Amino acid sequence: MSRTGWKDYDWQLLRDGPMSPALHMALDEVLIYEVGAGRRRPTVRIWEWGGPAVVIGRYQSVKNEVDPEGLERHRMSVVRRITGGGAMFIEPGNTITYSLYAPQELVAGMSFQESYAFMDAWVLEALKSLGVKAWYQPINDITSEGGKIAGAAQTRRGGAVLHHVTMAYDIDAAKMVQVLRIGREKLSDKGQTSAQKRVDPLRSQTGLPREAVIDRMVETFDSLHGLRQDALKPQELEAAHALVESKFGTREWVHIIP
Amino acid sequence: MHGEYKTPGGKLVVVDLELEDGHLARVQVSGDFFLEPEEALEAINGALEGLPREATEAEIAGRVQAALGPEVVMLGFSPEAVAVAVRKALA
């Protein structure tokens, strides 16, 4: 497999309105196979969250990660994604999430670790243009002097690579530690102040509205690699809804590791 | 029984298991690691099933390694990290 470059592709942008957390999980699975099969061009998808959620990694245990009482109290649900990595605490206005779907040739010959930094180089560029000095912290974090900004996860299947990232635009650290067990362990480990500082969100670092940060990211990708506005095909959305019914919305999947 | 091990510079590996007549049973490995393909997790769990409780770290890691085909990619953890988490669960 010989390696291709960003400019070898006609990149498509999907930037739709809010969708449920489970539908986002399903769309990632649908779109990686669509791109792998050549039915969809390589795509950047900006997510809008339809509700709050805890998103756990493919290999995480629900009971190890989530406090059921905190979850109930804050009326949040748990969804499981298809990629590995850690739990994310999602509140719609506080989070910037995106996915990239590309043929595996784009990362041919790269280790997983190398491909993480490669797939997010454009984001570091966008952040730099907003005055945020950020860098890649292996394996899968985007970080800054103030603290962690984002976490990425990848999977390769069906001839394509999915790379998705959740960035902290803002964070309610007090609420997070009521819902995520891992957050609480870190709190007891390091004390409240340092735990709340561990993530340094983009809101405080840029002083810009969330939309403006996303706009700059889209502009940056466009200027570096080219990006064309696209829309989800009805059959893609249909397939995703079917996968919510059969997989992502089911207890069997979410609790596949109890 | 429950054991956790944070791979240095990598990810957390969690092992939950029971003992039956001195052998590992109902073993579940979990964590925030990356693993491809996803079916490899069942292969890892299966490799640990039935091991004697006295198995050493090296023996445990060897069993896990032997159960994984060349196509399997572990990122942020290793057979050795799984073995440490198992030993911690048994300790």
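All of these numbers come straight from a predicted model, not from anything done at the bench. (Residues numbered from 1 in each chain as written. Chains lettered and ligands numbered in written order. Predicted model: local features only at pLDDT ≥ 70, side-chain atom pairs only at ≥ 80, totals over all residues. Heavy atoms only, no water.)

Student: Describe in detail the overall build of chain A, supporting the description with residues and values.
Tutor: A count of helical and extended segments in chain A gives 12 helices and 11 strands. Taking 2.2 N^0.38 as the reference for a compact globule, 258 residues should give roughly 18 Å; the C-alpha atoms of chain A span a radius of gyration of 18 Å, in line with that estimate. Here chain A holds 258 residues, and the buried ones make up 57% of them. Pairs at least 24 apart in sequence give 76% of the contacts found in chain A among residues at least 6 apart. (Helix = DSSP H or I, 4+ residues; strand = E, 2+ residues; numbered from the N terminus. Rg over C-alpha atoms; globule rule 2.2 N^0.38 Å. Buried < 20%, exposed > 50% of the residue type's maximum accessible area, 1.4 Å probe, protein only. Contact = heavy atoms within 4.5 Å.)

Student: Give a detailed account of the sheet that holds strand E5 (residues 88–90) of chain A, specifying residues and quantitative values.
Tutor: Residues and elements named next belong to chain A. One open sheet accounts for 3 strands, arranged E4-E3-E5; its pairing is mixed. One side of each edge strand has no neighbouring strand; the edge strands of this open sheet are strand E4 (77–80) and E5. Strand-to-strand twist in this sheet, taken as the mean axis angle between neighbours without regard to direction, amounts to 25°. On the sheet, helix H1 (residues 21–36) packs against strand E3 (53–56) and E4 and is oriented at approximately 5° with respect to E4. (Pairing = 2+ DSSP bridges. Axes fitted to C-alpha atoms, helices over the stretch in contact; angles between N-to-C directions.)

Student: Kindly report on the pattern of salt bridges, identifying the contributing residues and their values.
Tutor: Residue and element names in this part refer to chain A. Within the structure shown, the criterion is met by 20 salt bridges over all chains. Of the charged contacts in the structure, one is a salt bridge between Lys 148 and Asp 141, with a shortest N-O distance of 3.2 Å. Asp 170 is paired through a salt bridge with Arg 203; the nearest N and O atoms lie 3.0 Å apart. Of this pair, Asp 170 sits in the loop between strand E10 (160–168) and helix H6 (173–179) while Arg 203 sits in helix H9 (residues 202–206), placing them 33 residues apart in sequence. (Salt bridge = Lys/Arg side-chain N within 4 Å of Asp/Glu carboxyl O.)

Student: Explain empty space enclosed by the protein residue by residue, including any values.
Tutor: Under the definition given, this model contains 2 cavities of 30 Å³ or more. Reported here for the largest cavity is a volume of approximately 50 Å³. What lines the largest cavity is simply A:Tyr59, A:Ile82, A:Thr83, A:Gly84, A:Phe112, A:Gln154, A:Thr155, A:Arg157, B:Phe34, B:Leu35, B:Glu36 and B:Glu38. Counting residues per element, the ones that place at least two in the lining of the largest cavity are strand E9 (147–157) of chain A together with strand E4 (34–36) of chain B. The residue makeup of the lining of the largest cavity, split by class, is 5 nonpolar, 4 polar and 3 charged. (1 Å grid on protein atoms, 1.4 Å probe; cavity = no way out; pocket = protein on both sides within 12 Å on 5 of 7 lines; lining within 4 Å. Points joined across faces, edges and corners; volume = space filled by probe spheres on them. Nonpolar A, V, L, I, M, F, W, Y, C, P; charged D, E, K, R; others polar.)

Student: Tell me what's going on with the interface of chain B and chain A, and back it up with residues and numbers.
Tutor: At the junction of the two partners, chain B supplies 19 residues and chain A supplies 21 residues. Of the roughly 1,700 Å² buried at the junction of chain B and chain A (both faces included), carbon and sulfur atoms supply 55%. Considering only the surface of chain B that becomes buried against chain A, B:Phe34, B:Glu36 and B:Glu38 emerge as the three largest contributors, covering 36% of it. Across the chain B-chain A interface, the total number found is 2 salt bridges. Counting the contacts that link chain B with chain A gives 7 residue pairs in polar contact (both at pLDDT 80 or more). Broken down by secondary-structure element, the contributors of at least two residues to the side of chain B that touches chain A are strand E2 (12–20), strand E3 (23–31), E4 and strand E5 (73–75) of chain B. Examining the composition of the side of chain B that touches chain A, we find that 4 residues originate from one element, E3(B), more than from any other. (Buried area = accessible area lost by both parts, 1.4 Å probe. Polar contact = N/O pair within 3.5 Å; in protein donor to acceptor, adjacent residues only side chain to side chain.)

Student: Outline the packing of aromatic side chains, listing residues and values.
Tutor: All names here are of chain A. One pass over the structure, following the stated rule, counts 12 aromatic pairs over all chains. Look at Trp 11 and Phe 221: their rings are 5.3 Å apart centre to centre, the planes differ by 75°, and that puts the pair in the edge-to-face class. One end of the pair, Trp 11, is in the segment before strand E1 (12–15); the other, Phe 221, is in helix H10 (residues 210–225), and 210 residues separate them in sequence. In this structure, Trp 11 and Phe 221 share a single accessibility class: buried. Plain terms: the ring middles of Phe 248 and Trp 253 are 5.5 Å apart, the flat faces sit at 70° to each other, and that makes the pair edge-to-face. Here Phe 248 matches Trp 253 in class, with each residue buried. Three or more aromatic residues link up through ring pairs in this structure, and these residues are Trp 6, Tyr 9, Trp 11, Tyr 98, Phe 118, Trp 122 and Phe 221. The ring of Phe 112 has Arg 156 lying over it, and the distance from NZ or CZ to the ring centre is 4.2 Å. The lysine or arginine in question, Lys 247, covers the ring of Trp 253, its NZ or CZ lying 4.4 Å from the ring centre. (Phe/Tyr/Trp six-rings, centres within 6.5 Å; stacked < 30°, edge-to-face > 60°. Lys NZ or Arg CZ within 6 Å of the ring centre and 35° of its normal.)

What is shown is where atoms sit, not what they do.
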